[in-house]
Amino acid sequence: QVQLVETGGGLVQAGGSLRLSCAASGRTFSSYAMGWFRQAQGKEREFVAAISRAGGSTGYAHSVKGRFTISRDNAKNTVYLQMNSLKPEDTAVYYCAADRWPRVAIAVATTGYDYWGQGTQVTVSS
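Residues numbered from 1 in each chain as written. Predicted model: local features only at pLDDT ≥ 70, side-chain atom pairs only at ≥ 80, totals over all residues. Heavy atoms only, no water.

1. Here's the deal with the sheet that holds strand S7 (residues 68-73)
Okay, step 1: If you walk across this open sheet you meet the 4 strands as S1-S3-S8-S7, and the pairing is antiparallel. If you trace the sheet from one side to the other, it starts and ends with strand S1 (4-7) and S7, each paired once. Ignoring strand direction, the axes of neighbouring strands in this sheet form an average angle of 15°.
Okay, step 2: Judged from the 4 bridges that link them, S1 and strand S3 (residues 18-24) form a sheet pairing that is antiparallel. By the bridge assignment for S3, Thr7 is matched with Ser21. (Pairing = 2+ DSSP bridges. Helix = DSSP H or I, 4+ residues; strand = E, 2+ residues; numbered from the N terminus. Axes fitted to C-alpha atoms, helices over the stretch in contact; angles between N-to-C directions.)

As structure tokens, this is what we get:
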């Protein structure tokens, strides 16, 4: 089992940047693919980005492609989400998640992930 803790959320103006971090417990971090999801008030949780175990493959939602970058440091048991050119519609609680199953393709559905963090609020003002 792995425990995940997100940090780095906050209030930022439109056009600004934030970097989220997700620290994982345990010694097997490199065996998990990792994803970021977000949930705006009154909406369903949606996929944002994901990265494979070794970091060689990434995937992004269309709405964030070109603005957000996911990366990981397996030596530090941490996955990051660099968010640039933020928009008010990016406002949400952001969650990181871990997928323990080996897959051919990166999972983009919430059901593809086994462990979740508690979330960190990102608010983008216009």
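That was the structure; now back to the text.
2. What about the environment of Ser17?
Okay, step 1: Turning to its location among the elements, Ser17 is positioned in the loop between strand S2 (10-13) and S3.
Okay, step 2: Distance from Ser17 to Thr78, taken between C-alpha atoms, is 19 Å for residues 61 residues apart in sequence.
Okay, step 3: With residues near it in sequence (within four places) discarded, Ser17 still touches Val12, Gln82, Met83, Asn84, Ser85 and Leu86.
Okay, step 4: Within the structure, the side chain of Ser17 is placed 2.9 Å from the side chain of Asn84, a separation counted as a polar contact. (Contact = heavy atoms within 4.5 Å. Polar contact = N/O pair within 3.5 Å; in protein donor to acceptor, adjacent residues only side chain to side chain.)

3. What about the nonpolar core?
Okay, step 1: Formed by 35 residues in total, the largest nonpolar core has its most connected members in Leu4, Met34, Trp36, Leu81, Met83 and Tyr94.
Okay, step 2: Contributing elements (two or more residues each) for this core: S3, strand S4 (33-39), strand S5 (46-51), S7, strand S8 (78-83), strand S9 (92-99) and strand S11 (120-125). (Core = buried A, V, L, I, M, F, W, Y, C linked by side-chain atoms within 4.5 Å. Buried < 20%, exposed > 50% of the residue type's maximum accessible area, 1.4 Å probe, protein only.)

4. Some words on unusual backbone geometry
Okay, step 1: Positive phi, normally seen in glycine, also occurs at Asn77, with a value near 55°.
Okay, step 2: Its place among the elements puts Asn77 in the loop between S7 and S8.
Okay, step 3: Asn77 gets classed as buried once you look at its relative accessible area, which sits at 17%.

5. Considering the packing of aromatic side chains
Okay, step 1: Enumeration according to the criterion identifies 5 aromatic pairs in this entry.
Okay, step 2: Ring centres of Tyr32 and Tyr115 lie 6.0 Å apart, and the angle between their planes is 80°; this geometry places the pair in the edge-to-face category. Note that Tyr32 is positioned in the loop between S3 and S4 and Tyr115 in strand S10 (residues 115-116), a separation of 83 residues in sequence.
Okay, step 3: Centre to centre, the rings of Phe37 and Tyr113 are 5.2 Å apart; their planes meet at 75°, and the pair counts as edge-to-face. Of this pair, Phe37 sits in strand S4 while Tyr113 sits in the loop between S9 and S10, and the two are 76 residues apart along the sequence.
Okay, step 4: Tyr113 sits in the buried class, given a relative accessible area of 5%.
Okay, step 5: Among the aromatic residues, ring-to-ring pairing joins Phe37, Phe47, Tyr113 and Trp116 into one connected group.
Okay, step 6: Lying across the ring of Phe29, Arg72 places its NZ or CZ 4.4 Å from the centre. (Phe/Tyr/Trp six-rings, centres within 6.5 Å; stacked < 30°, edge-to-face > 60°. Lys NZ or Arg CZ within 6 Å of the ring centre and 35° of its normal.)

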